[in-house]
Amino acid sequence: MTDAPATPPAPESPRSVPARPVSARLDAADAPWPLRPWIMAAICAVAGLIFHHLIDRAWDAPDAPGRNALAAFVAVATIVFVLGVELRRWHWAAGFALLWGAVIGLITWHSAGYNASHSPVEWSFWSGILAVLVATPLFQTRRDVAPDWRFWTLWRMPYARLHDHAWTDAVIGAAALAFVGVTFLLTVLIGEMFHLIGIEVIRDLLNDEWFGWMLAGAAFGGAVGLLRERDRLVATLQRLVMTVLAVLAPVLAVALILFLLSLLGTGLQKLWDAGFSTAGLMLGVAAFAVLLANAVIGNGAEDRSGSRALHGAAAVLAVAVLPLAIIAAVSMGLRIGQYGWTPERIWGVIAVAVALAYGVSGLWAVAKGREAFDDRLRPLQQKLAIGLMLLAAFLALPILDFGAISARDQLARLKSGAVTEEKFDWAAMAFDFGPAGRAGLKALANSPGAARADKAKAALQAKNRWDLTGPRGPVLLKPFAERLRVVPQGQALPPEALKAIESGYMCRRVAACVAVRLGEGRIGVLGQDEPGAAVDSYILVRGDKGDWRQDDGVFPKSADRPGVDLSKARIDVETVARRRITVDGVPESAPFE
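Since the structure is predicted, the reported quantities are computational estimates derived from the model, not experimental observations. (Residues numbered from 1 in each chain as written. Predicted model: local features only at pLDDT ≥ 70, side-chain atom pairs only at ≥ 80, totals over all residues. Heavy atoms only, no water.)

### Description of the confidence of the model for the protein
- Confidence in the prediction for the protein averages 84 pLDDT; 89% of positions are at 70 or higher.
- Put simply, strand β5 (residues 548-554) is where the protein has its lowest mean pLDDT, 73, and helix α1 (residues 36-55) is where it has its highest, 94.
- Scored below 50 in pLDDT, residues 1-20 makes one contact in the model with residues more than four places away or belonging to other chains. (pLDDT = per-residue confidence, 0-100. Helix = DSSP H or I, 4+ residues; strand = E, 2+ residues; numbered from the N terminus. Contact = heavy atoms within 4.5 Å.)

In structure tokens, the structure reads:
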């Protein structure tokens, strides 16, 4: 037997090392974070549950500004954190989110206690939200490039990265909201599928508001986390969105050229006679012009469109913002001259000022840069964005009182005779101008003129602004107990029914109200604004749980009743015979006579 050389043993295999996940991140500095979608979904689901418990209360429950503020804090802090967090410097994102959550919470708390309506969502709230939206990409860029936390020179940050973060946040946010809608649709379909076989668990959960908020939070957080982990794909989607928007730039540019040239022949008077808010329309078009111009010029010179038509359209849009802003300023000035200052018009003036700043920047960039205007426009827009964030944050804080400015101006117009008592906006004084407006009404309530004093007292007594918007304006009414008649006389109404009638829209604002007992669990309610006016009526029924609600069948409003005073008129319940068609004794038609 021939000795064959022994085959040397195979070398010992090295210990297997788990493969590192392939990164789909656009920035190599961002390590893959496979658990991000699950973590973000869990954070947003818990936040949704907390948000629900903070805002969940009965419609007639007393106002709770503190709970509204906490709800705003939870919502804003969660969304800002989920959109802006990365593994590197994650504590920066947490601090940034908590800071803005606290700011918006403070704004909400102040807004809820500012006006008599106790609405937490006022103009200052939206100003704060705008500041957050602008500040988030600024923070993300600073986190990426700052050597340490002491880096505050925001205007030195790279424009390309800042612009990219802004567009990416917008795309991810929109896609996540769309995913929330798809998630709810799928859940409804699954619930209906199980409903067919008698399983109601999913349908019952969907009817519980807490589950809806948790589901929305989980879907939004999961979608944001998933898209962040694939931001290479998001960058492609972002470029697609910008390309599609850029195609619209020549359309708007040509339309603006034709519109502005047409104004040379028609003049501006037709704009004022159109019956629509000219200032609002011009500002909206200007905002679209800025958006489409940025879609064309991109992040930098390398993103500049190769099409001369698109590039020229972007230049036209940049220049056209200024005349649009000027038209808006003239329109706003005319409106203020006619009707005086209000908080909405003050905010409108600020918006016009921002549009003018963008318009002047665009005109200067085109005049100086010519074909390379975008190289001059980008740094200007970065500074404008920083200024807009600071301005919006300052105006959102309770520092300037736009209600007090408006109240002083409107009272001066009333006292000077520029506006009559019939045209005076009593509802705005009571519900829009804050403490200064109500203080002005208290002063007017002591006026020597009885008509003016009564209107001021009625505005102070009103529970909501709609009670003051009738054809007669504010009317001083007697207490509800003195305006209510019960038929038959001497019968008492259940306390719950009495509360339902008093809080109802009709009897809260009419001079005379009548409650007619129609039997167990049914009450007819009639109201009349003043003697001789039409009579409104509806039926109040008691539900299975003892609550009283208006019946679905509401009687049509009658014509004016000259000579009829509901507070003194005879009220009867009449039995009427009706005819209908039956088959074997079963009704087949509604009563027709």
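Having seen it, we continue.
### Focus on the packing of aromatic side chains
- Tallied over the entire structure, the rule returns eight aromatic pairs.
- Ring pairs connect the aromatic residues Phe96, Trp100 and Phe139, which therefore count as one cluster.
- One residue, Arg89, lies across the ring of Trp92, its end atom 4.2 Å from the ring centre. (Phe/Tyr/Trp six-rings, centres within 6.5 Å; stacked < 30°, edge-to-face > 60°. Lys NZ or Arg CZ within 6 Å of the ring centre and 35° of its normal.)

### Brief notes about the nonpolar core
- One finds Ile104, Leu138 and Val224 to be the most contacted residues of the largest nonpolar core, which totals 43 residues.
- Only α1, α2 (65-84), α3 (90-114), α4 (123-145), α5 (159-195), α7 (209-228) and α13 (373-396) provide two or more residues apiece to this core.
- Leave out the neighbours within four places in its chain, and Ile104 touches Ala72, Val76, Phe125, Gly128, Ile129 and Val132.
- Ala246, Ala286, Ala295 and Ala313 belong to the second largest nonpolar core, which has 42 residues in total. (Core = buried A, V, L, I, M, F, W, Y, C linked by side-chain atoms within 4.5 Å. Buried < 20%, exposed > 50% of the residue type's maximum accessible area, 1.4 Å probe, protein only.)

### So, the pairing of strand β3 (residues 522-528)
- Counting buried positions along β3 gives six out of seven residues, so the element sits mostly inside the fold.
- One ladder, built from seven bridges, connects strand β2 (residues 512-519) with β3; its direction is antiparallel. Looking across to β3, one finds that Cys513 is bridged to Gly527.
- From the end of β2 to the start of β3, which pair antiparallel, there are two residues, and Gly521 there has a positive phi angle of about 85°.
- Bridge analysis of β3 against strand β4 (residues 535-542) gives seven bridges, and the strand direction is antiparallel. (Pairing = 2+ DSSP bridges.)

### Re the side chain of Gln410
- Along the chain, Gln410 falls in helix α14 (residues 402-416).
- Residues within four places of Gln410 in sequence aside, it is in contact with Tyr339, Gly340, Trp341, Thr342, Arg345, Phe424, Met429 and Phe433.

### Considering helix α10 (residues 278-297)
- Compared with an ideal rise of 1.5 Å per residue, which puts 20 residues at 28 Å, α10 spans 29 Å between its outermost C-alpha atoms and is within 8% of the ideal.
- Of the positions making up α10, those classed as buried are Thr278, Ala279, Met282, Leu283, Ala286, Ala289, Leu292, Ala293, Asn294, Ala295, Val296 and Ile297.
- If you follow the buried residues of α10, they end up packed against α5, α8 (231-266), α9 (269-272), α11 (308-339), α12 (343-369) and α13.
- At the C-terminal side of α10, Gly298 shows a positive phi close to 70°. (Expected span 1.5 Å × (residues − 1).)

### Details of a nonpolar patch on the surface
- A cluster of nonpolar side chains, Leu186, Ile190, Met193, Phe194, Leu196, Ile197, Ile199 and Val201, forms an exposed patch at the surface whose accessible area comes to about 780 Å².
- Following the sequence through the fold, Ile190 ends up in helix α5. (Patch = residues over 30% accessible without salt bridge, like charges linked within 9 Å, V, L, I, M, F, W, Y side chains within 5 Å. Areas by Shrake-Rupley, 256 points an atom, 1.4 Å probe, with all protein chains shown as cover. Salt bridge = Lys/Arg side-chain N within 4 Å of Asp/Glu carboxyl O.)

### A short note on the pairing of β2
- Where strand β1 (residues 484-487) lies against β2, four bridges are found, and the strand directions are parallel. Along β2, the bridge assignment pairs Val487 with Val516.
- Between β1 and its parallel partner β2, the chain crosses via helix α19 (residues 495-503), and the hand of that crossover is left-handed. (Right-handed = clockwise from strand over helix to strand, strands pointing away.)

### Let's talk about the pattern of salt bridges
- One pass over the full model with this rule turns up 14 salt bridges.
- We note a salt bridge from Asp144 to Arg143, for which the minimum N-O separation is 3.1 Å.
- Exposure remark for Asp144: the relative accessible area of 17% places this residue in the buried category.
- We note a salt bridge from Arg203 to Glu200, for which the minimum N-O separation is 3.7 Å.
- When its relative accessible area of 27% is taken as the criterion, Glu200 is described as partly exposed.
- Among the ionic contacts, a cluster of salt bridges with common partners joins Arg88, Arg143, Asp144 and Arg161.

### Some thoughts on the packing of α14 against helix α16 (residues 434-445)
- Running from N to C, α14 and α16 point in directions that differ by 30°, and their axes come no closer than 8 Å. Classified by the angle between their axes, α14 and α16 sit roughly parallel to one another. Each of Gly403, Ala404, Ala407, Leu411 and Leu414 in α14 lies in contact with α16, whose residues at this interface are Ala436, Gly437, Gly440 and Leu444.
- Looking at the contact of α14 with α16 residue by residue, the classes come out as six nonpolar, three polar and no charged. (Axes fitted to C-alpha atoms, helices over the stretch in contact; angles between N-to-C directions. Parallel < 35°, antiparallel > 145°, perpendicular 65-115°, else oblique. Nonpolar A, V, L, I, M, F, W, Y, C, P; charged D, E, K, R; others polar.)

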